Structure formats: structure tokens, C-alpha cells
Amino acid sequence: MDPLLDLQRIDSAILRLEHRRAQLESGDEMRAARAAMEAADTALGELRLEIDALARDQGRLEHEVDSLGRRADDEKKRLYGGTISNPKELGAIQHEIDGIGQRKARIEDDLLAILEQREVLEARATEAEGVAVEARAKVEALGDAADAELDRIEDDLVGLVAERAAAVPLVDGELLALYDEIRAHKHGVGAAELVDGVCQACHESLSAKELDAVKRSDGVKRCEHCRRILILA
């Protein structure tokens, strides 16, 4: 491999690792994971509050249904017990029994609606709990993985820095200075291979005239589009 291209390979690898290290150290991924976990916990908490409220309403209505049932039974005992013979009073008792039955039926309808709502919410809560558990697991895993990855990055950077130190002397001094200058302004890429007339840095094709000029040039060959140093394949 051309010494300058080899140096570019090393520098690109170093740049990628440094960028990844900065991402890990800034904690962007962890912050996003924590935000997702908090959102999942909040959603689950809200569902549980709604379920608790429905459970209280359910208990209250069940108590009312039970109470009305007992009242209806008591009134029926009075109606059919034989202790009352006055038709008007018996009619009033029957009217009371009918009214209790109607109120009980309405409450039972309300109770059924609550039971249906609670069933839906409990299904959603089960799903939300799964999401929350997964989000918490991701936060824990990211923490462990980030520490391990940072250790690997540091080890790889040590090796690449040593590799770069060995590669630098193999490049002409003036060419190296130009390479470093271009690299500083071109996102870390100062040199690229020219393959089939295409610069591998900017991926622009050179015209036939530009390609001929590059091949005929005795000095440092440069891409007409991005001005990076070109290494002919």
C-alpha cells in the first residue's frame, strides 16, 4: 500500500475511535435510554393510577349493588310475608321493589362498563410493564457495555498511535505537511485513492481531460473537485 494511503487509513481509524469515545463519554446514548426508561415508567404509573381509581369505583358500585339487593330482599319479605294486608301499602312496597330493581340494574350496567375499562387498562399495563422492564435492562446493559467499549477503544488507540508513529517517517516531509493541512480542513481525510477515474474521498468522477492532466502531472496529484491528494490505483 502507498505509505500516504496507509497513513490515511490509520488516521481515519483513529478519528472514528475518537468520535466514538466522545459519544460514549458525553453519555448521549445513556441519556436517551434513561429518558426512554423514565417515559415508560411514567406511562406505567399513570395506567396503574387509572386502574386503582377504577378499582375503587368498582368496589363502591359492588357495595351499592349488594346493599340494594339486600333492601329488595327485605321488601319482598314484607310483601309476601303475610303481615301486611292493606292493598295500598302492598302496592307501595311493590313500587319500592321495582324502583330498587331499576336502580340496581343501572348500577350493574355502570359496574359492567368499569369492568370492561379495567380489563383494557390492565392489558395495556401488562404491555407497558414489559416496555418498562426492557427499558431498565437497556440502561443497565448500556452502562456495562459503555465501560467495556471505552476500555477497548483506549487499547486500540494506543496501538494505532504507535502504528502512526511508525508510518509517518515513510512519507515525504513536504507531502506530509500538505496532507496534514488538507486533513485539518477536510474532515480528517487528506488523501484518497483514484479508482476508475473516481476520487474515493468525494466520490466525484474526473473528466477525461482532468484525468489525463492528473496522470501527466509530475507533482502532487490533487482532485479537481475536493482538492485532496490523489493516489492512483
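Preceding block: the structure.
All residue numbers refer to positions counted from 1 along the written sequence of the respective chain. Residue-level local features of this predicted model are given only where pLDDT is at least 70; pairs of side-chain atoms are given and counted only at 80 or more, and the full residue set underlies all totals for whole chains, interfaces and linings. Excluded from the side-chain calculations are hydrogens and water; all other atoms, namely the structure's heavy atoms, are used.

Read across the sheet, three strands follow the order β2-β1-β3 without closing on themselves; strand pairing throughout is mixed. Looking at the sheet topology across the chains shown, the edges are occupied by β2 (198-199) and β3 (229-232). Only strands that DSSP links by at least two bridges are regarded as paired with each other. Labels follow the DSSP assignment, with helices taken as runs of H or I lasting at least four residues and strands as runs of E lasting at least two, numbered in each case from the N terminus. Sheet analysis places strand β1 (residues 191-195) next to β3, joined by four bridges and oriented parallel. In the sheet register, E193 faces β3, and the bridge partner there is I231. Throughout, a residue-residue contact means that at least one pair of heavy atoms, one from each residue, lies within 4.5 Å. Helix axes use the C-alpha atoms of the stretch in contact, all axes being lines fitted to C-alpha atoms, and the angles between their N-to-C directions lie in the range 0 to 180 degrees. Running over the sheet, helix α1 (residues 3-26) touches β1 and β3 and is turned about 120° from β1.

On to the pattern of salt bridges, then. Here, a salt bridge means any side-chain nitrogen of Lys or Arg that lies within 4 Å of a carboxyl oxygen of Asp or Glu. Applying the stated criterion across every chain, the model contains 22 salt bridges. For E96, the salt bridge identified is with R71, shortest N-O distance 2.7 Å. Placement of E96 in helix α3 (residues 87-167) and of R71 in helix α2 (residues 28-80) is noted, with a sequence separation of 25 residues between them. Within this structure, D11, R164, D180 and R183 form a network of salt bridges that share partners.

Let's shift gears to a negative patch on the surface. A patch consists of residues exposed above 30% relative accessible area that lack any salt bridge, with like charges linked at up to 9 Å and nonpolar side chains (Val, Leu, Ile, Met, Phe, Trp, Tyr) linked at up to 5 Å. For every accessible area listed, the method is Shrake-Rupley and the probe measures 1.4 Å; residues are considered covered only by the protein chains on display. Under this rule, positive means Lys or Arg and negative means Asp or Glu; His and the chain ends count for nothing. We put the charge of a Lys on NZ, of an Arg on CZ, of an Asp on CG and of a Glu on CD. Together, E140, D144, D147, D151, D155 and D156 make up a region of like negative charge exposed at the surface. Looking at where E140 falls in the secondary structure, it is placed in helix α3. Judged by its relative accessible area of 56%, E140 falls in the exposed class. For each residue, the accessible area found with a 1.4 Å probe, counting protein chains only, is set against the maximum for its type, and the residue is called buried under 20%, exposed over 50%, and partly exposed in between.

With that settled, the discussion passes to the side chain of K221. Along the chain, K221 falls in the loop between α5 (208-216) and β3. For the buried K221, no salt bridge is present, and the opposite-charge side chain at shortest range is D218, 6.2 Å distant. Apart from residues lying up to four places away in sequence, K221 is in contact with V214, K215, R228, I229, L230 and L232.

This next bit is on the packing of α1 against helix α4 (residues 173-185). Remark: α1 packs on α4, axes separated minimally by 12 Å, with the N-to-C direction vectors making an angle of 35°. Of the two possible hands of crossing, α1 and α4 adopt the one that is right-handed. Contact residues: L4, L7, Q8 and D11 in α1; L175, L176, Y179 and R183 in α4. The class makeup of the residues in the contact of α1 with α4 is five nonpolar, one polar and two charged. By convention, the crossing between two helices is left-handed when the near helix turns anticlockwise from the far helix through less than a right angle, and right-handed when the turn is clockwise. Residue polarity is assigned by list, with Asp, Glu, Lys and Arg as charged and Ala, Val, Leu, Ile, Met, Phe, Trp, Tyr, Cys and Pro as nonpolar; anything else, Gly included, falls into the polar class.

So, on to the pairing of β1. With two bridges joining them, β1 and β2 adopt antiparallel strand pairing. Each bridged residue has a counterpart across the sheet, and for L194 the counterpart in β2 is C199. Hairpin connection of β1 to β2: two residues between the antiparallel strands, including D196 at a positive phi of 55°.

One way to put it is that α2 packs onto α3 with a least axis distance of 6 Å and a crossing angle of 160°. The pairing of α2 with α3 is recorded here as roughly antiparallel in orientation. For α2 against α3, the interelement crossing comes out left-handed. Taken together, the residues of the contact of α2 with α3 break down into 32 nonpolar, five polar and 23 charged. Convention used here: angles under 35 degrees read as roughly parallel, angles over 145 as roughly antiparallel, angles from 65 to 115 as roughly perpendicular, and any remaining angle as oblique.

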